[in-house]
Each structure stands twice: as structure tokens, then as C-alpha cells.
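Below are the chains, spelled out letter by letter.
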Amino acid sequence: MKNIYPNILKSNLKNLYRAKKNIENNNIIGLPTETVYGLAGNAYSNKSVKKIFHIKKRPSYNPLIIHFKNLKNAKKDVVINNNFLKLYSVLCPGPITFILKKKHTSKISKIASAKKKTIAIRFPKHNVAKKLLGLLKFPLAAPSANISSKLSPTSPNDVVDEFKDKIKIILDGGKSKIGLESTIIDLTNKPRILRPGSITSEKISKILNKRVTIYKKTKEIKSPGQLKIHYSPGIPVKMNRIINSNKNEALIVFGKIYKKSNKYFNLSKKGDLNEAANNLYKILRKIKNKGFKSIAVNKIPNVGIGIAINDRLRKASNK
Ligand code: AMP
Ligand code: MG
């Protein structure tokens, strides 16, 4: 399929080098990862990182995830520990972010880490992200490519939907395979999950051979992904509904349904939670763009990746 937007570029070697050059000049680009699309810039450069915060309208207290190509490079900036190594060896590269202590000698921009003593690090699995990191001499700060508190993008067109032509290069990596942001785990102390994702607490508990739970206390905000309002389509979202209550309301359904309606949007006809996670942002965005005034959502089973789906829906539904 031909892209109609001139800033969406095929991820061939020529364009990867173009992206590299842009990033080396402190510009930011749209980058595909297996979770969602990111806005990527040089994590060692205050200038690049400032641009990311500015364009996303991201509050300065909300730190960015730093993407590395390998463990050797990450060790320059964070203090690793046994729990990290166990998880890394099974799950990386992949959709999981680790909070670790920052090294005193770290070159990561203090603006990127919001002046914290910790850094969130990740090793993306997407081929394009890996290839680009392979060409660079520094890690990439890459938060999701959306305006702060809004829906994350899962395709290059979504990035254009968010930022129009403000981002000059968006590397096309197709549709995001997972479609939900990474699981975030804090490993600076007793392991705890700050944001649920496709890598579940059960899987993590098994690898670490101890029970790791999702941290729910909201008094002290450890990760602004924990802020009450987030992942919002910009119209009210109501959870656990069976029907839509008026003509301007769309209904997101899950599993087999017998009634057909152009106001119904199915997350997964098969009732598959992974497919539902993958469709969630795409469907929320579609409903918003069709001009509906509110969204009702069926009950989503709260197991496996369903926990992450419900987490995002809960935050999208907060007023
Ligand atoms: P995004 O990249 O937009 O999906 O957001 C990244 C998430 O990681 C945000 O919720 C951040 O607050 C969180 N995060 C980044 N660095 C840290 C850190 N040092 N401690 C806790 N959470 C972090
Ligand atoms: Mg985000």
C-alpha cells in the first residue's frame, strides 16, 4: 500500500540513514516498536529530549523510557541486579521496561529522567527499532508518539493523526504487533509492576520464582503511567456496559454478538484477549474520528493481558 503522507517513509537502509542523521542533529522521529509507535530522540542530548517533551505537551515530571540496543550499552547508564538479569535473559528484547538505579557516570539527559535517581530502560524487539539503534552511538529516549494523556499510536498514520506534519520522518514499521504499551517493572527494590502489559505478573513471578504483584497505591506516584487520566480518546468512556445508551454512543463489544449495528465495534470476535489488546487503541481512535460523543465498553475478562486492557480503559474512563 502506498502511503499518502510524505513524512511516512519506507524503512529501507537509505531512510534508516536519513533517520540516523536527523537524530544526530538533535531532531526527533516517529519510530515503530512492537508495543506502540514512539517519538525517538538522542537520550544523551538535552536539546532532543526537550523537543520530545515540548511536542508531546508532556509534563516535565514524567520521565521517558530509554531504549537500548544491548545489555553492554545499558550497563553504562544503570546499575543492574540479579532480578533484572533473570528477566532480561528470558524476555528481552521484548515489551518490558525496567526501572533501575541510574549510575553517577550516566550520560542520560537529566531532563529525560525528570531528575530522578532511576531510569526506565527497554530493549525493543521491532526490527526497525533494532536496526536504527544499531546505527547509533547513543540510546534513544522514546515515549509513545501521542499528545500527553491521549491514545497511543499503533500505526504510522496514527502518528500523523496526532502530530500532522510536525514530525518530518516517521519510519513505517507496519501495524504494532502488540498494540499496548510495555509492562513496567520497578526493580530498584522488591520487584513490583507499575504498569501492566502483555508480559503478565504471572509470567514475571514464574521467572523470578516469587510472587510479583501490580502496585496499586496511588498516593505516591511512582510512574505517571499510573496517573488517573491517561490513554484517553477525548470523549467519555464507560466500562462494563451491555448496551449503548444513546444514538451518539458507540459500543465496544468483545466476543461473538448476534446483533449487527454500525455503532458496534468488536475488539475480538473470537474472544481472544491478545487480539482485543491489539485492536483497542485502533478502535478507540476510529470511534473518536467518526464523531461519536461517548463510548460504552463490554466487560473485558480481567485475566492475562485483559488486566492491561482494563487498566487502560479505567484510566481512559476517569474524568
Ligand atoms: P510512555 O513512554 O509514554 O509509554 O511512558 C513511559 C512511562 O514510564 C511513564 O508512565 C513514565 O512515568 C514511566 N517511567 C519512566 N521513567 C520512570 C522512572 N524512573 N520511574 C518510574 N516510572 C518511570
Ligand atoms: Mg505514553
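Residues numbered from 1 in each chain as written. Chains lettered and ligands numbered in written order. Predicted model: local features only at pLDDT ≥ 70, side-chain atom pairs only at ≥ 80, totals over all residues. Heavy atoms only, no water.

### Considering a positive patch on the surface
Okay, step 1: Taken together, Lys69, Lys72, Lys76, Lys107 and Lys137 make up a surface patch of like positive charges.
Okay, step 2: With respect to the helices, strands and loops of the structure, Lys69 is situated in the loop between β4 (65-67) and α3 (71-74). (Patch = residues over 30% accessible without salt bridge, like charges linked within 9 Å, V, L, I, M, F, W, Y side chains within 5 Å. Areas by Shrake-Rupley, 256 points an atom, 1.4 Å probe, with all protein chains shown as cover. Salt bridge = Lys/Arg side-chain N within 4 Å of Asp/Glu carboxyl O. Lys, Arg positive; Asp, Glu negative; His and termini not counted. Charge placed at Lys NZ, Arg CZ, Asp CG, Glu CD. Helix = DSSP H or I, 4+ residues; strand = E, 2+ residues; numbered from the N terminus.)

### Things to note about the pattern of salt bridges
Okay, step 1: Scanning the model with the defined rule gives 10 salt bridges in all.
Okay, step 2: Across the salt bridge formed by Glu24 and Lys20, the nearest N and O atoms sit 3.0 Å from each other. Of this pair, Glu24 and Lys20 both sit in helix α1 (residues 13-24), separated by four residues, roughly a single helical turn.
Okay, step 3: Take Glu24: its relative accessible area is 37%, and that puts it in the partly exposed class.
Okay, step 4: Arg285 is the partner of Glu162 in a salt bridge, and the nearest nitrogen-oxygen pair spans 3.2 Å. Of the two residues, Glu162 sits in helix α6 (residues 156-163) while Arg285 sits in helix α8 (residues 273-289), which places them 123 residues apart along the sequence.
Okay, step 5: For Arg285, a relative accessible area of 3% gives the class buried. (Buried < 20%, exposed > 50% of the residue type's maximum accessible area, 1.4 Å probe, protein only.)

### Remarks on helix α5 (residues 127-135)
Since the α-helix turns once every 3.6 residues, residues separated by three or four places project in the same direction.
Okay, step 1: Here α5 has its buried residues at Val128, Ala129, Leu132 and Leu133. Down the axis of α5, the sector holding all buried residues measures 130°, keeping them to one side.
Okay, step 2: Structurally, α5 contributes buried residues whose contacts are with α1, β2 (29-31), β4, β8 (140-141) and β9 (170-172). (Arc of directions from axis to C-beta. Contact = heavy atoms within 4.5 Å.)

### Topic: the nonpolar core
Okay, step 1: Core analysis: the biggest nonpolar cluster contains 43 residues, and Phe84, Phe98, Ile121, Phe123, Ile185 and Ile204 have the highest contact counts within it.
Okay, step 2: Residue assignment for this core shows that the elements contributing at least two residues are α2 (46-56), α3, α4 (82-91), β6 (96-102), β7 (118-122), α6 and α7 (201-208).
Okay, step 3: Dropping the residues within four chain positions of it, Ile185 is found in contact with Leu87, Ile96, Thr97, Phe98, Ile99, Pro191, Arg192, Ile193, Ile204 and Val212. (Core = buried A, V, L, I, M, F, W, Y, C linked by side-chain atoms within 4.5 Å.)

### Digging into the pairing of β7
Okay, step 1: Counting buried positions over the five residues of β7 gives four, a clear majority of the element.
Okay, step 2: Where β4 meets β7, three bridges bridge the pair, whose relative direction is parallel. Among the inter-strand pairings, Ile65 is bridged to a residue of β7, identified as Ala120.
Okay, step 3: Where β6 meets β7, five bridges bridge the pair, whose relative direction is antiparallel. Counted as the bridge partner of Leu100 is Ile119 from β7. (Pairing = 2+ DSSP bridges.)

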